[in-house]
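So you can see what is in the structure, the chains are spelled out below.
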Amino acid sequence: MSRLSISRLPMFRRLLGFSLLLLLWGAPAWQQQAIAAPDRRFIQNLQVEWINEFILPAQTFESTTVGGLSAITYDRKTGKFYALSDQHGSGQAHFYTLNLEITDAGITSAQIEAVTYLSDAAGNRYGGAFDPEGMALTPQGSLYVSSEGNPEQSLGPGLTEFDLKTGQQLRSLPIPEHFQPAENQGVQANRGFESLTLGLGGTASSEPLHVFTATEGPLLQDKTANSVNATPRNRFLHYYRDGGDDSQPLVLGEYVYELDPAPGALIHGLSEILALDGNGHFLGLERAFSPLVFQVKLFQFSLAGASDVSSRPALQGNLRGVEPIHKQLVMDLSRLDKLRLDNLEGMTWGPQLADGSRSLILISDDNFKSFEKTQLLLFKVRLS
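Since the model is a prediction, treat every value here as computed from it, not as a measurement. (Residues numbered from 1 in each chain as written. Predicted model: local features only at pLDDT ≥ 70, side-chain atom pairs only at ≥ 80, totals over all residues. Heavy atoms only, no water.)

Draft legend 1. Quick peek at the overall build of the chain. The number of helices and strands found in the chain is 2 helices and 22 strands. Per-residue burial for the chain yields a buried fraction of 55% across its 384 residues. Here the analysis covers contacts within the chain between residues at least 6 apart in sequence; of these, 62% occur between residues at least 24 apart. Accessible surface computed for the chain: about 16,800 Å², of which carbon and sulfur atoms make up 48%. (Helix = DSSP H or I, 4+ residues; strand = E, 2+ residues; numbered from the N terminus. Buried < 20%, exposed > 50% of the residue type's maximum accessible area, 1.4 Å probe, protein only. Contact = heavy atoms within 4.5 Å. Areas by Shrake-Rupley, 256 points an atom, 1.4 Å probe, with all protein chains shown as cover.)

In structure tokens:
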């Protein structure tokens, strides 16, 4: 798949576009927040309560082995969910349409209703090195999908928009050059764009779209040398695209997301992000795997005051003058009573519950292993 490098965009176009955006819409809310009240970076009364666990039974559907579900998103118009498979089971990337029965008491049932394959603009199905990991639904009826890439095949990470009904590619977003695989540069294997979320300016097709993604782990050039105890520095990207189909997306910012310490973990990364509101507040799902045990933490984080590092090709050493993304722990899922966590990778908002709270759903990727499971967790969230 061809990808346009950000470095090919004339600098004055990027600056002009950003300047016009500020004039039309004002400074981003999180920048205003950082200037006016840096002590109020976070949503103060965020409450998250675990409701229940539901295990999706092992099954096949239309010649596919149901599994590898690495992302989930919710369609408010239809009440359906879409779950993305990272395709290792069938060799072809696809997503499922799910019907989840959700009440205040929990998820009571889950049925698969359809499977849709992802294809390029010519209609050829994606497979092989394409590794889709994150997914988000736009109000216009399209899906954005993030992919990790494959450094061994010189394939960089991707952000691609697909038609919801057909699964056919509509367009791709440009990826900055320093994310592309090269000698001592770019995403690490299985550490690319694992997460994806959208922030919307409205619901009409002419409204702007904000796309956010982050690497699961540091870029090769961002790994701190000679220190096993160094805090991993991930990169968080913010794209802006206006409502026109032919509009040129802009990278509005790139920020440092530092992972929480996970001593002894074999796998450690940021597996999902989810916008809390339109003011630069997000949820971050960090997952670590120690021998026989998954450790999962849910954080609230804010872009308020974070430094733009898009001009820095490497993040090694002492980043004097660079302010990372600020975050605070919301819940350590490993401490939930009588709940054995699996490989949680997806996160989405669901329908409003009867008591007025928001439902939050997490899903696990079973890696097509018989000793793992597709786990659905339901949470109740209040923002005030």
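That covers the picture; the talk isn't over yet.
Draft legend 2. Quick look at the nonpolar core. Residues Phe-81, Tyr-96, Leu-98, Leu-100, Ile-102, Ile-361 and Leu-376 are the most contacted members of the largest nonpolar core, which totals 24 residues. When residues of this core are traced back to their parent elements, those giving at least two are β1 (47-56), β4 (69-75), β5 (80-85), β6 (94-103), β7 (106-117), β21 (358-364) and β22 (374-382). The dominant element in this core, judged by the number of residues it contributes, is β7, at 5 residues. Among residues more than four places away in sequence, those in contact with Leu-376 are Asn-52, Glu-53, Phe-54, Ile-72, Leu-100, Ile-107, Ala-110, Ile-361, Leu-362 and Ile-363. Membership of the second largest hydrophobic core comes to 23 residues, among which are Leu-274, Leu-298, Met-331 and Leu-333. (Core = buried A, V, L, I, M, F, W, Y, C linked by side-chain atoms within 4.5 Å.)

Draft legend 3. Local environment of the layout of surface pockets. In this model, the largest pocket occupies a volume close to 920 Å³. Around the largest pocket sit 40 residues that line it, and Tyr-74, Arg-76, Leu-137, Thr-138 and Pro-139 are the ones nearest its centre. When residues of the lining of the largest pocket are assigned to their parent elements, the largest contribution, 5 residues, is made by strand β12 (residues 193-200). Split by residue class, the lining of the largest pocket holds 19 nonpolar, 13 polar and 8 charged. (1 Å grid on protein atoms, 1.4 Å probe; cavity = no way out; pocket = protein on both sides within 12 Å on 5 of 7 lines; lining within 4 Å. Points joined across faces, edges and corners; volume = space filled by probe spheres on them. Nonpolar A, V, L, I, M, F, W, Y, C, P; charged D, E, K, R; others polar.)

Draft legend 4. Local environment of the packing of aromatic side chains. Applying the stated criterion across every chain yields a total of 13 aromatic pairs. Each ring, one from Phe-282 and one from Phe-301, has its centre 5.2 Å from the other, and the planes form 15°; the classification is stacked. Remark: Phe-301 occurs in strand β18 (residues 293-302) and Phe-282 occurs in strand β17 (residues 281-290); sequence separation between them is 19 residues. Taken individually, Phe-282 and Phe-301 each receive the classification buried, so the pair is uniform in this respect. Each residue in the set Phe-212, Phe-236, Tyr-257, Phe-282 and Phe-301 is aromatic and connected to the rest through ring pairs, giving one cluster. The positively charged end of Arg-125 is found above the aromatic ring belonging to Tyr-117, 3.9 Å away from the centroid. (Phe/Tyr/Trp six-rings, centres within 6.5 Å; stacked < 30°, edge-to-face > 60°. Lys NZ or Arg CZ within 6 Å of the ring centre and 35° of its normal.)

Draft legend 5. Just the sheet that holds strand β11 (residues 169-172), in detail. Pairing is antiparallel in the open sheet, where 4 strands are placed in the order β8-β9-β10-β11. Each edge of the sheet is formed by a strand with only one pairing partner; in this case those strands are β8 (132-137) and β11. Averaged over neighbouring strand pairs, the angle between their axes works out to 25° when direction is ignored. (Pairing = 2+ DSSP bridges. Axes fitted to C-alpha atoms, helices over the stretch in contact; angles between N-to-C directions.)

Draft legend 6. Region of interest: the pattern of salt bridges. Within the structure shown, the criterion is met by 13 salt bridges. Residue Lys-373 is joined to Glu-53 by a salt bridge in which the shortest nitrogen-to-oxygen separation is 3.5 Å. In this pair, Lys-373 sits in the loop between β21 and β22 while Glu-53 sits in strand β1, placing the two residues 320 residues apart along the sequence. Linked through salt bridges whose partners overlap, the residues forming this network are Glu-161, Arg-171 and Arg-241. (Salt bridge = Lys/Arg side-chain N within 4 Å of Asp/Glu carboxyl O.)

Draft legend 7. Structural view of the pairing of strand β9 (residues 142-147). With 6 of 6 residues buried, β9 lies mostly within the body of the structure. Burial along β9 is two-sided: Ser-142, Tyr-144 and Ser-146 and Leu-143, Val-145 and Ser-147, pointing in opposite directions, are all buried. Bridge count between β8 and β9: 5 bridges; the pairing is antiparallel. From the neighbouring strand, Pro-132 faces β9, where its bridge partner is Ser-147. The antiparallel hairpin formed by β8 and β9 contains 4 residues in its connecting segment, where Gly-141 sits at a positive phi of about 85°. In this structure, β9 lies alongside strand β10 (residues 158-163), joined through 6 bridges in antiparallel fashion. Each bridged residue has a counterpart across the sheet, and for Val-145 the counterpart in β10 is Thr-160.

Draft legend 8. Inspection of the sheet that holds strand β19 (residues 326-332) at higher detail. The strand order β16-β17-β18-β19 describes an open sheet built from 4 strands, whose pairing is antiparallel. The outermost strands of the open sheet, each flanked by one partner alone, are β16 (267-275) and β19. On average, each strand axis in the sheet is inclined to that of its neighbour by 30°, with strand direction left out of account.

Draft legend 9. Representation of the side chain of Glu-216. Mapped onto the fold, Glu-216 is located in the loop between β13 (209-215) and β14 (233-241). Residue class for Glu-216 comes out buried when judged on its relative accessible area of 3%. Among the polar contacts made by the side chain of Glu-216, one reaches the side chain of Arg-287 at a distance of 2.3 Å. In contact with Glu-216, not counting residues within four places along its chain, are Glu-148, Asn-190, Arg-191, Gly-192, Glu-194, Asn-234, Leu-259, His-268, Gly-269, Leu-270 and Arg-287. (Polar contact = N/O pair within 3.5 Å; in protein donor to acceptor, adjacent residues only side chain to side chain.)

Draft legend 10. Up close: the environment of Lys-327. Relative to the helices and strands, Lys-327 resides in strand β19. What makes Lys-327 partly exposed here is its relative accessible area of 24%. Considered as a pair, Lys-327 and Glu-258 are 69 residues apart in the sequence and their alpha carbons are 9.0 Å apart. Setting aside chain neighbours within four positions, we find Lys-327 in contact with Phe-42, Tyr-257, Glu-258, Leu-259, Asp-260, Glu-286, Phe-299, Gln-300 and Phe-301. Reaching out from Lys-327, the side chain makes a polar contact with the backbone oxygen of Glu-258 at a distance of 2.7 Å. A polar contact of 2.5 Å, which involves the side chain of Lys-327, links it to the side chain of Glu-286.

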